[in-house]
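What follows is each chain in one-letter form.
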Amino acid sequence: MNQAATSCASCGAALEFPLACSACGTLAAPEREPGPFEVLGLAPQYFVDAADVKKRALRLGRLLHPDYFGAADEATRALAERNTARLNRARDVLLDASARGDWLVRALGGPSENEQREMPKAFLLEVLEWNQQLEEARANAARDHARLEALRNDLEAQRAAALAALARVLEPLPQPASPALREARAQLNVLRYLDNALAQVEALELDTHSPRA
Amino acid sequence: MGFIELNVLNNAAQNIALGIDLGTTNSLGAMWKDGRPIVLHPEGDSGYVPSAIHFPEKGMPAVGRRARELALVDPAHTLMSIKRFMGRGLAETREDAASVPCALSENENGVVQFEMRGRKFTPQELSALILMKVHDQACKALGGIEVTKVVITVPAYFDEAQRQATRDAARIAGLDVLRIINEPTAASLAYGLDQRKQGTVAVFDLGGGTFDVSILSIEDGVFQVLATHGDTHLGGDDFDRMLVEVARRELSALLAPSVLEDRAFLQSLRLAAEKCKIELSSAPEAYMHLAMPESGVQWRRNFTRAEAEALWAPLIERTIHSCQRALADAKLKVAQIDEVVLVGGSTRIPAVRERVERFFNRKPHVELNPDEVVALGAAVQAHVLMGGTREVLLMDVTPLSLGLETMGGAVAKIINRNSTIPCQATEGFTTYADSQTGIEFHIVQGERELAKDCRTLGRFKLSGIPPMPAGMPKVAVRFHIDANGMLTVTAKEESTGKSARIEVQPMNGLTDEQVEGMLNAAYRHARDDFDARRAADLRTEIGVMVRATERGLTHAGAGLDRETGLDIEEALVKGRAALQGPLPDTSSLQRVRDELERATLPLAALLMDSVAKSALSGKKLSEV
């Protein structure tokens, strides 16, 4: 997770970002795949300043975007494509708490979502309850808007609680391979369930207005 | 003839790229000039090329306005709304096929073919003819310079197959596609630059055949698409069809069933419906006329705006539904939208405007011509791509999720819809049998949970995996959606570092060889046409130069030294000779023109001195 300190192959200036030189604009091809924090010249940590991330992404975007290499040779155009894809991915990860948490847990040697699927036990009963409510809402052609709204509020509240729990584990960052990472993964699994459930509620709500429904 | 000030157009062909809006109903070209995008049209012409093609009994098809006129008298041999067939198979185009005046078939890759005058044409080839016409008009407007680099717009909601078909059409037309960009995004570029806007903007784009809504944030020259939604089969054509259905029902009492199903009859009906629809945008009621002398039918039907609007309401509600989905994906509420921009000819329908205004709770912008704004935006993007500016940064999204079919027919999402492009994702695969050297997989695009409900992009076969025990190979497959919104797939076996081979079977798309073959056939004709026109244009130009030089010599010839005078005389003799007899070839005419220009430079300078400089700057000698 440490940063690769290299210099620009073209002008020799120290690289602020691993994907391009901010001094002369030359694109850089990193030897190994840089992590999302590294891409934006940041040290890995759970809390990020979203405004700062956006500002950095924009600055970097103005150096990397393939639109600015329309007249360049094919290899350079391909590198602009690849580096911009890396930037977009990094930006998405850093601006989304779940994605950020997921990356940090894996980078610190914690379990992946395939290696540890369980959620906290207290949460499971509620999951059963929500699943039933979603099932009922789907089965009922006439949407009960008030009930869907109540379900949404419930899910949102749980989501805020899960994010707070994740922050408690990951800020400051735990030691690599620490048991705390299992707790973080459990909260991430909760978040994944909640985001999925919220998406279903949203689909159901939009369906209410659908002329094709 | 000597140019007193360097005319940028003279040697700029390599620095110019065109923006082309390839529309369902009309197509248009634009370019960047003097700090802003302009529509390119030859003198006395609007520049719109109706996206229509007429096939005469003999000779080359007519494209554009002429074809559109011929549609009225010979509907059976005129094709329109070809864009709705791009990247589609026969089964998906049944609804549209009803208003096509000829038989349709499918080639071996599932590409629709129009059977016209004993020949088969794919939508790609037909679109290529339209692109050639637009390109031709644009080059004419530029005084005969041939520009081959283009930016072409597509509906934001176009999927991979539709984008690929558009790119293939451009290749067949002999054009070099710098970028495929989304229509609503292009519109926002033209609009944002024009109005110097900041904030969150919704672009509502209802064209002849497609609908898109895009939500963007515009700030300091950064145009970031937050979400897009749409329907590639919802546009003015569908509004026409609603009126056609009414007419068919009412005519069923008067006409034989064979007439009611007749393709030419349906095409006439469709044109009559379109005319009626357009009139209803400015009048409270309008007539739909149908005259078929051969069947002795004279039919006229009055539609009030209220009646038509009732028929159209379900279509308009579908656009609003898309707006809701785009807002939800952008995680925004209606109240957070600062501006609404209307694009596309169908936004002229008052009921559409009113519904959009009611939904967004604000008056939409209509300052820019909804038929031109997309081409203008494409010209802005072309300018950026040619290195003209870094002030503008466009960040668009992919409209549809990309996934792989998993065991049991479900879809594993690899890239989510509304991801900023370019984007990429890498997935790991391994073998399930010992010494297995290939893996097959099925790539789909769409939001549904089952692969069979999504659109197949292709079945990819990964081969060349070194023989190893099951589960040992680690094949990393990379999916990259580029800045055109188009997918490339690459694969690598990680334990050996070998690149695995990916074979793509295009679905509803042309193979490279097929495109190549069409290119050779179509482009050769276009080249010949282009050369002939260029030669004619050059001869006209030489004529103007000769006359201007003769005039210049009587005014200021005395002030020239002997050698320069002889030089000009020599060039004049060659110039006059080129105006006589059969048309010489382009390159010799070009030499004569260039020679005249060079030789007359001192004369131009002399004339400059003798007249007030300020009044002349930027003028050619022929304009003095």
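Residues numbered from 1 in each chain as written. Chains lettered and ligands numbered in written order. Predicted model: local features only at pLDDT ≥ 70, side-chain atom pairs only at ≥ 80, totals over all residues. Heavy atoms only, no water.

1. Regarding the overall build of chain A
So, step 1. Looking only at helices and strands, chain A has seven helices and zero strands in total.
So, step 2. Walking chain A from its N terminus toward its C terminus, one meets helices and strands in the order α-α-α-α-α-α-α.
So, step 3. Counting only C-alpha atoms and orienting by the principal axes, one finds that chain A spans roughly 65 × 50 × 30 Å.
So, step 4. Counting only residues that meet the buried cut, chain A has 45% of its 213 residues in that class. (Helix = DSSP H or I, 4+ residues; strand = E, 2+ residues; numbered from the N terminus. Buried < 20%, exposed > 50% of the residue type's maximum accessible area, 1.4 Å probe, protein only.)

2. Section: the domain arrangement of chain B
So, step 1. Here chain B is described as being made up of domain 1 (13-235 + 312-395), domain 2 (236-311), domain 3 (402-510) and domain 4 (522-623).
So, step 2. Once you take the C-alpha centre of each, domain 2 of chain B and domain 3 of chain B turn out to be 48 Å apart. (Domains from an automatic or database assignment.)

3. Here's the deal with the domain arrangement of chain A
All names here are of chain A.
So, step 1. Here the domain parsing of chain A yields domain 1 (1-95) and domain 2 (112-209).
So, step 2. Measuring from the centre of the C-alpha atoms in domain 1 to the corresponding centre in domain 2 gives 33 Å.
So, step 3. Contacts between the two partners involve five residues from domain 1, matched on the other side by six residues from domain 2.
So, step 4. Interface area for domain 1 against domain 2, summed over the two sides, is near 460 Å², with a carbon-plus-sulfur share of 73%.
So, step 5. Broken down residue by residue, the surface that domain 1 buries against domain 2 is led by Gln45, Tyr46 and Phe47, which jointly contribute 88%.
So, step 6. The interface formed by domain 1 and domain 2 holds zero salt bridges in total. (Contact = heavy atoms within 4.5 Å. Buried area = accessible area lost by both parts, 1.4 Å probe. Salt bridge = Lys/Arg side-chain N within 4 Å of Asp/Glu carboxyl O.)

4. Some thoughts on helix α1 (residues 65-73) of chain B
Residues and elements named next belong to chain B.
So, step 1. All of the buried residues in α1 are Ala67, Leu70 and Ala71. Projected onto a plane normal to the axis of α1, the buried residues spread over an arc of 115° and lie on a single side. The exposed set on the far side of α1, more than 90 degrees from its buried face, consists of Leu72 and Val73.
So, step 2. Of the surrounding elements, those touching the buried residues of α1 are β5 (52-54), β6 (62-63), β7 (78-80) and α8 (263-280). (Arc of directions from axis to C-beta.)

5. Notes on the interface of chain B and chain A
So, step 1. On the chain A side, the residues contacting the 32 residues of chain B number 24 residues.
So, step 2. Here chain B and chain A share an interface that buries about 2,400 Å² over both sides, 51% of which is from carbon and sulfur atoms.
So, step 3. Linking B:Arg179 and A:Asp67 is a salt bridge whose minimum nitrogen-to-oxygen distance equals 2.4 Å.
So, step 4. Linking chain B to chain A there are 10 residue pairs in polar contact (both at pLDDT 80 or more).
So, step 5. Of the residues assigned to the side of chain B that touches chain A, the class counts are 13 nonpolar, nine polar and 10 charged. (Polar contact = N/O pair within 3.5 Å; in protein donor to acceptor, adjacent residues only side chain to side chain. Nonpolar A, V, L, I, M, F, W, Y, C, P; charged D, E, K, R; others polar.)

6. So, the environment of A:Gln200
Residue and element names in this part refer to chain A.
So, step 1. Within the secondary structure, glutamine 200 is located in helix α7 (residues 180-209).
So, step 2. Along the primary structure glutamine 200 and alanine 51 are separated by 149 residues, whereas in three dimensions their C-alpha atoms are 29 Å apart.
So, step 3. If near-sequence neighbours (up to four positions away) are discounted, glutamine 200 is found in contact with Leu134 and Arg138.

7. Structural notes on the confidence of the model for chain B
Segments scoring low in pLDDT should not have their predicted coordinates read at a detailed level.
So, step 1. Across chain B, pLDDT averages 87, with 91% of residues at or above 70.
So, step 2. Note on residues 1-12 of chain B: pLDDT is under 50 here. Beyond four places in sequence and across chains, it has 30 contacts. (pLDDT = per-residue confidence, 0-100.)

8. A short note on the sheet that holds strand β10 (residues 119-121) of chain B
All names here are of chain B.
So, step 1. The strand order across the open sheet built from three strands is β8-β9-β10, with neighbouring strands paired in antiparallel fashion. Looking along the sheet, the strands with just one partner apiece sit at the ends: β8 (103-106) and β10. Adjacent strand axes in the sheet meet at a mean angle of 35°, parallel and antiparallel pairs treated alike.
So, step 2. Of the strand pairs in this sheet, strand β9 (residues 112-116) and β10 are connected by three bridges, and their pairing is antiparallel. If you follow phenylalanine 114 over to β10, its bridge partner there is phenylalanine 121. (Pairing = 2+ DSSP bridges. Axes fitted to C-alpha atoms, helices over the stretch in contact; angles between N-to-C directions.)

9. As for the sheet that holds strand β19 (residues 393-395) of chain B
Residues and elements named next belong to chain B.
So, step 1. Here five strands make up an open sheet; going across it, the order is β18-β13-β14-β15-β19 and the pairing mixed. Among the strands making up the open sheet, the edge pair consists of β18 (339-343) and β19. In this sheet, adjacent strand axes meet at a mean angle of 25° when their direction is disregarded.
So, step 2. In this sheet, β18 lies alongside strand β13 (residues 199-206) in parallel orientation, the contact comprising five bridges. Across the sheet, residue valine 201 finds its bridge partner in β18, namely glutamate 339.
So, step 3. Across the sheet, helix α9 (residues 305-329) is in contact with β13, β14 (211-219) and β15 (222-231); its angle to β15 comes to roughly 135°.

10. Considerations on the environment of B:Asp237
All names here are of chain B.
So, step 1. By the secondary structure assignment, aspartate 237 is in helix α6 (residues 236-251).
So, step 2. In this structure aspartate 237 comes out as buried when scored by relative accessible area, which is 12%.
So, step 3. Expressed as a C-alpha distance, the spacing of aspartate 237 and threonine 25, which sit 212 residues apart in the sequence, is 8.9 Å.
So, step 4. Ignoring anything within four residues of it in the chain, the contact list for aspartate 237 reads Thr24, Ser81, Arg84, Gly208, Gly209 and Arg270.

11. Digging into empty space enclosed by the protein
All names here are of chain B.
So, step 1. Scanning the model with the defined rule gives three cavities of 30 Å³ or more in all.
So, step 2. Reported here for the largest cavity is a volume of approximately 100 Å³.
So, step 3. Along its surface, the largest cavity is lined by 13 residues, and Arg179, Leu394, Asp396, Ile421 and Ala483 are the ones closest to its centre.
So, step 4. Ranked by residues supplied to the lining of the largest cavity, first place goes to strand β12 (residues 176-182) with four residues.
So, step 5. Counted by class, the lining of the largest cavity contains five nonpolar, four polar and four charged residues.
So, step 6. Counting the residues that make up the lining of the largest cavity, at least three belong to each of domain 1 (13-235 + 312-395) and domain 3 (402-510).
So, step 7. Empty space within the second largest cavity amounts to approximately 50 Å³.
So, step 8. Around the second largest cavity, the lining residues are Leu22, Gly23, Thr24, Ser51, Ile82, Lys83, Met86, Ser127 and Ile130.
So, step 9. Looking at the lining of the second largest cavity residue by residue, the classes come out as four nonpolar, four polar and one charged. (1 Å grid on protein atoms, 1.4 Å probe; cavity = no way out; pocket = protein on both sides within 12 Å on 5 of 7 lines; lining within 4 Å. Points joined across faces, edges and corners; volume = space filled by probe spheres on them.)

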